[in-house]
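# Residue-level structural notes
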Amino acid sequence: MEMRYRNLFVLSVVLSLVSTASAQLRTDYYKNICPNVEQYVRDAVAQKFQQTFVTAPATLRLYFHDCFVRGCDASVLLASPNNKAEKDHPDDLSLAGDGFDTVVKAKAAVDLDPRCRFKVSCADILALAAREVVALTGGPRYPVELGRLDGRISTIASVQHSLPQPGFNLDQLNTMFSSHGLTQTDMISLSGGHTIGFSHCGKFSRRIYKFSPTKRIDPTLNPAYALQLRQMCPLNVNPDVAIQLDPTSPQVFDNAYFKNLQKGMGLLASDQVLFTDPRSKDTVNLFASNTTAFYEAFVTGITKLGRVGVKTGRQGEIRRDCTVVN
Ligand code: HEM
Ligand SMILES: *[C@@H]1O[C@H](CO)[C@@H](O)[C@H](O)[C@H]1NC(C)=O
């Protein structure tokens, strides 16, 4: 081979290696395989959402938890006969069943079409379903990159230290998100997912009862809001009680979450710290004042989230049943 061409060849091999590291997702991946996949998922998710609002927060959080543990590979959906799968980890036990059910229903709708049957990955169906619930609750409808394969491994151990905790400070949040290629701005916009859905009292009870040896209530909490939270979450509260993450407009995907933070009404410590820490405050103020800026940043963030740890080729498969490996 002539020198010039050999260099070109080496260059193209190197480039293709670099691009497999982040996988080749495309918005038109199923164009010739299952051209109507987006409509099938859209209709199935809308139908499920009509039955229960919880569909929306449950599906969005499920997608986040899938992507942060072993990548966006639907590993979170795998059932385990002996309760040793991802979903059995304490951080995943609070994932609402309606999120799992949404994927099962969307998958069944896709597989009704003989052209599509067993050709669309569960990981992609979850990515599409997450977009649908954002749009159904009034958020942006954005293009979804597709072409993920489903993983074959799901263990409790892989969840440990993989998901952010509600008591995390800004450095801890940034460290965890940056390990997946997400910036602080991505992290803040994605935290805006807490504009819908609920949290159980235990995830923030420290903030209202035993913040520190000298302070019982977290001083970054709005005092009136803290008292309301104490009423809704008395000591020895029923562990099933769940509180709206965005008390202003709990069912709308808007920027009220960021306006709440400005008032000391972030429910989790990891929410409120985004406004308290001077390094992230300006971004919170921007998203609180400009919905378009929030939506644009959220679409960037969730698109990058969807590229985390994507599997291609022999790394994965297209699961026939989203709850078991083939
Ligand atoms: C930034 C770090 C994050 C932390 C510390 C965090 C933590 C939590 C916690 C503790 C809950 C309550 C769980 C329960 O008690 O049932 C929750 C709920 C939720 N999270 Fe996050 N989360 C984070 C980021 C995200 C991201 C990036 C998304 C998606 C874009 C997201 C979406 C949700 C949703 C939608 C709910 C409500 C779930 C429901 O109502 O079923 N969270 N989160
Ligand atoms: C809001 O943000 C968008 C997107 O970044 C920008 O184009 C627009 O000019 C901003 N609007 C205001 C009023 O600052």
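Residues numbered from 1 in each chain as written. Chains lettered and ligands numbered in written order. Predicted model: local features only at pLDDT ≥ 70, side-chain atom pairs only at ≥ 80, totals over all residues. Heavy atoms only, no water.

### Some thoughts on the packing of aromatic side chains
Given two aromatic rings, their pairing is described by the distance between the two centres and the angle made by the two planes. Applying the stated criterion across every chain, the model contains 14 aromatic pairs. Residues phenylalanine 64 and phenylalanine 68 carry aromatic rings whose centres are separated by 4.7 Å and whose planes lie at 55° to one another, so their mutual orientation is tilted. Placement of the pair is phenylalanine 64 and phenylalanine 68 together in helix α3 (residues 55-68), with a separation of four residues, close to one helical turn. Judged by its relative accessible area of 2%, phenylalanine 68 is buried. Members of the aromatic cluster, connected to one another through ring pairs, are Phe253, Tyr257, Phe258, Phe287, Phe294, Tyr295 and Phe298. When the ring centre of phenylalanine 275 is taken as origin, the NZ or CZ atom of lysine 281, which lies over that ring, is 4.5 Å away. The ring of phenylalanine 118 carries arginine 320 above its face, with NZ or CZ at 5.9 Å from the centroid. (Phe/Tyr/Trp six-rings, centres within 6.5 Å; stacked < 30°, edge-to-face > 60°. Helix = DSSP H or I, 4+ residues; strand = E, 2+ residues; numbered from the N terminus. Buried < 20%, exposed > 50% of the residue type's maximum accessible area, 1.4 Å probe, protein only. Lys NZ or Arg CZ within 6 Å of the ring centre and 35° of its normal.)

### Observations concerning the site of ligand 2
Lining the immediate surroundings of ligand 2 are Asn290, Ala293 and Glu296. Here an oxygen atom of ligand 2 and a side-chain polar atom of asparagine 290 are 2.4 Å apart. Within the complex, 30% of the 360 Å² of free accessible area of ligand 2 lies under protein. (Near = heavy atom within 4 Å. Polar contact = N/O pair within 3.5 Å; in protein donor to acceptor, adjacent residues only side chain to side chain. Areas by Shrake-Rupley, 256 points an atom, 1.4 Å probe, with all protein chains shown as cover.)

### Details of the UniProt feature "binding site: heme b" (unreviewed entry) in the protein
Taking the UniProt record as the reference, the feature "binding site: heme b" (unreviewed entry) is found at His194. With respect to the secondary-structure elements, histidine 194 resides in the loop between α8 (184-191) and β1 (198-200). Among the residues examined, histidine 194 registers a relative accessible area of 27% and is labelled partly exposed. Other than its neighbours up to four places away in sequence, histidine 194 contacts Leu245, Asp246, Tyr257, Leu268 and Asp271. (UniProt positions renumbered as here; feature names shortened; annotations may be inferred. Contact = heavy atoms within 4.5 Å.)

### Concerning the site of ligand 1
The immediate surroundings of ligand 1 are formed by 23 residues, with Arg61, Gln165, His194, Phe198 and His200 found nearest. Between ligand 1 and the protein, one listed contact pairs a nitrogen atom with a side-chain N or O atom of histidine 194 at 2.9 Å. Here ligand 1 occupies the largest pocket. Within the residue set of the shell around ligand 1, elements represented by two or more residues are α3, α7 (170-178), α8 and β1. The element that contributes the greatest number of residues to the shell around ligand 1 is α3, accounting for four residues. Of the residues in the shell around ligand 1, the class split is twelve nonpolar, nine polar and two charged. The residues that make up the shell around ligand 1 include at least three from each of domain 1 (24-162 + 306-315) and domain 2 (170-304). (1 Å grid on protein atoms, 1.4 Å probe; cavity = no way out; pocket = protein on both sides within 12 Å on 5 of 7 lines; lining within 4 Å. Sits in = over half its atoms within 2 Å of the grid points. Nonpolar A, V, L, I, M, F, W, Y, C, P; charged D, E, K, R; others polar. Domains from an automatic or database assignment.)

### Concerning the state of the cysteines
With the rule as written, the count across this model stands at four disulfides. Note on cysteine connectivity: cysteine 34 is disulfide-linked to cysteine 116, with sulfurs 2.1 Å apart. The sign of the 85° torsion about the S-S bond sets the cysteine 34-cysteine 116 disulfide as right-handed. In this pair, cysteine 34 is assigned in the loop between α1 (3-21) and α2 (37-51) and cysteine 116 in the loop between α5 (97-111) and α6 (122-136), connecting sequence segments 82 residues apart. We note that cysteine 34, like cysteine 116, is buried. Bridging cysteine 67 to cysteine 72, the disulfide has an S-S length of 2.1 Å. (Disulfide = S-S within 2.5 Å.)

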